[in-house]
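Structural description and commentary
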Amino acid sequence: MENNNNGNLKLAIQKKGRLTEKSLELLKLCGIDIENYSERLVVSSQNFPIDLLFLRDDDIPEYVQDGVADIGIVGENVVREKEAQIEVLEKLGFGKCKIMMAHPQNMPLNDPKDLNHKTIATSYPKILREYLQTNGLNSKIIELSGSVEIAPSLGVADFICDIVSTGNTLMMNKLKKGFAIFESQAVLISAEKTIKDQEKSAIISDLVRRIRSVQSARRSRYLMMNVPKEALPKIMHLLPSLRSPTVVPLADETLVAVHAVIPADYIWSIVDVLKQEGASGILLLPIENMIP
Ligand code: PRT
Ligand code: ZN
């Protein structure tokens, strides 16, 4: 591999797949510039001491464990399945999916016990085996590397255990959702020895701090509105008291502008009352970063 020992932190991300774009977007929101990454295996940032390694997602836990990469971004499902010796530093809130049991119409699955003495096809044999053992079930696991959803119609398996996100793939294969055995999202991982390295750990702390500020910004919105002066006490009472809202006088002296940071979904619980109280020009803006 090129560029191995420049003191930069090596971050492994998925080369081409569902997590690639979101991983790069997260770094961008963290203020980390990555340019010209197409078709290259290793790319350095121009403004942060980090090198990106583009890898198959299945290889990321082991590469981090072995120190080929210092940290990585990968699905929790892959982390658990690979059983690598790594630490999860942060949940990243994207790539959310469930590993679910699914069944054909004519093979009901109402209870975990229905799995007993049946055959289940999956790409996640370790996660499935652990689930079966924990629940005292005795089923046969057929390990497939892809297209698990066609196993029942081929007569290879009674049930399947696979990643489900929208459920469209199940539907197209005439399968029904049973129940989830594992919930997953993308996580930032590291090997224990990387965290113990002082220089690397300082870069990781900086990165994690930036990620947390992006995460809390994602959960918040910047609310701006004009409100009648006499409604101000009541409206202030509606706003979360975490930070004092900003109140700005306007040319029209009967009105003031109110600005406040609120939880993203909160507006929908107060919008009707705000309007009743005469609030106008209500704007809700995204926040890029929230520095604690
Ligand atoms: O080439 P490489 O090995 O790197 O990629 P990959 O093909 O193994 O992985 P990829 O890109 O498909 O997924 C990367 C990660 O995204 C997974 O490990 C999960 O953590 C996460 N993720 C989120 C998903 C899905 N959603 C998802 N829907 N991974 C796979 N799927 C597949 C699923 O296997 C099934 O075939 O999408 C299909 C179901 O989707 P729905 O929407 O029809 O239910
Ligand atoms: Zn993969």
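The following paragraphs examine the structure supplied in this document. In this text the structure is predicted, and so the values were computed from the model without any measurement.

Quick word on the coordination of the zinc ion (ligand 2)
- At 2.0 to 2.1 Å from the zinc ion (ligand 2) lie its protein donor atoms, namely Asp57 (OD) and Asp58 (OD).
- For the zinc ion (ligand 2), the four donor atoms in the first shell make angles of 74 to 172 degrees at the metal, a pattern classed as irregular.
- Classification of Asp58 as partly exposed rests on a relative accessible area of 29%.

As for the side chain of Ser190
- By the secondary structure assignment, Ser190 is in strand S11 (residues 186-190).
- For Ser190, the residues in contact, after removing those within four places along its chain, are Val64, Asp70, Ile71, Ile86, Glu87, Leu89, Ile195 and Ile204.

Focus on the environment of Leu284
- Mapped onto the elements of the fold, Leu284 is located in strand S15 (residues 280-286).
- When its relative accessible area of 32% is taken as the criterion, Leu284 is described as partly exposed.
- Separated by 134 residues in sequence, Leu284 and Ile150 have C-alpha atoms that sit 45 Å apart.
- Every residue in contact with Leu284, bar those within four places of it in the chain, is listed here: Arg221, Tyr222, Leu223, Ile262 and Ile267.

Quick notes on the sheet that holds strand S14 (residues 255-263)
- Ordered in space as S13-S14-S12-S15, the four strands form an open sheet in which the pairing is antiparallel. The open sheet has two edge strands, strand S13 (246-249) and S15, and neither has a second partner. Looking at each pair of strands side by side, their axes are set apart by 20 degrees on average, direction ignored.
- With four bridges joining them, S13 and S14 adopt antiparallel strand pairing. Paired with Val247 across the two strands is Val258, which belongs to S14.
- The strands that helix H9 (residues 267-276) touches are strand S12 (220-228), S14 and S15; relative to S15, the one it contacts most, it runs at about 165 degrees.

A few points about the layout of surface pockets
- In this structure, the largest pocket encloses a volume near 1200 Å³.
- Lining the largest pocket are 37 residues, with Arg18, Asn77, Tyr124, Asp162 and Ile163 sitting closest to its centre.
- Of the voids in this model, the second largest pocket is the one considered here, and its volume is about 180 Å³.
- In terms of lining, the second largest pocket is formed by Lys15, Lys16, Gly17, Thr20, Tyr37, Ser38, Glu39, Arg40 and Phe54.
- Across the lining of the second largest pocket, the residue classes tally to two nonpolar, three polar and four charged.

Thresholds, definitions, all that
- Residues numbered from 1 in each chain as written.
- Chains lettered and ligands numbered in written order.
- Predicted model: local features only at pLDDT ≥ 70, side-chain atom pairs only at ≥ 80, totals over all residues.
- Heavy atoms only, no water.
- Donors = N, O, S within 2.8 Å, 3.2 Å for Na, K, Ca; no water.
- Tetrahedral: all angles 85-135°; square planar, octahedral: opposite > 155°, others 65-115°.
- Buried < 20%, exposed > 50% of the residue type's maximum accessible area, 1.4 Å probe, protein only.
- Helix = DSSP H or I, 4+ residues; strand = E, 2+ residues; numbered from the N terminus.
- Contact = heavy atoms within 4.5 Å.
- Pairing = 2+ DSSP bridges.
- Axes fitted to C-alpha atoms, helices over the stretch in contact; angles between N-to-C directions.
- 1 Å grid on protein atoms, 1.4 Å probe; cavity = no way out; pocket = protein on both sides within 12 Å on 5 of 7 lines; lining within 4 Å.
- Points joined across faces, edges and corners; volume = space filled by probe spheres on them.
- Nonpolar A, V, L, I, M, F, W, Y, C, P; charged D, E, K, R; others polar.

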